[in-house]
Amino acid sequence: MTAATTFPRSPLGQAGRAIPAAGQLLPTCAVRLIDRRTGRPHRINGSPLVLFTRRPEEAAAELLDGRDPAVWEARVEPMGT
């Protein structure tokens, strides 16, 4: 016999934001990797690293994966209104 566990569904996501209804688009955000020592964005071949996404928590986690949190921070900036 296998016990089934059900969890109540919450309208809030992990970051406390409401989960959009089906067909509703999330706002696009720019996620930047910032060096805390200088306050400047990380650059690759002279260009600042910026990820444009509708899932900023996932993008920030990916950028910070394997990096020292004392040195690096991810900044999320919503685009548009």
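It should be noted that the structure appears before, not after, this text.
Residues numbered from 1 in each chain as written. Predicted model: local features only at pLDDT ≥ 70, side-chain atom pairs only at ≥ 80, totals over all residues. Heavy atoms only, no water.

Draft legend 1. Molecular detail of the environment of Arg36. Note on placement: Arg36 falls in the loop between β1 (29–35) and β2 (40–41). For the pair Arg36 and Ala70, spaced 34 residues apart in sequence, the C-alpha separation works out to 7.4 Å. Arg36 has contacts with Pro69, Ala70, Val71, Trp72 and Glu73, leaving out every residue within four places of it along the chain. (Helix = DSSP H or I, 4+ residues; strand = E, 2+ residues; numbered from the N terminus. Contact = heavy atoms within 4.5 Å.)

Draft legend 2. Inspection of helix α1 (residues 56–64) at higher detail. Looking only at α1, the buried set comprises Pro56, Ala59, Ala60 and Leu63. What you see down the axis of α1 is that its buried residues fit within an arc of 100°, all on one side. Away from the buried face of α1 by more than 90 degrees, exposed residues Glu58 and Glu62 are located. Close packing links the buried residues of α1 with β1, β5 (50–53) and β6 (72–78). Count one or two residues on from α1 and you reach Gly66, which has phi positive near 80°. (Buried < 20%, exposed > 50% of the residue type's maximum accessible area, 1.4 Å probe, protein only. Arc of directions from axis to C-beta.)

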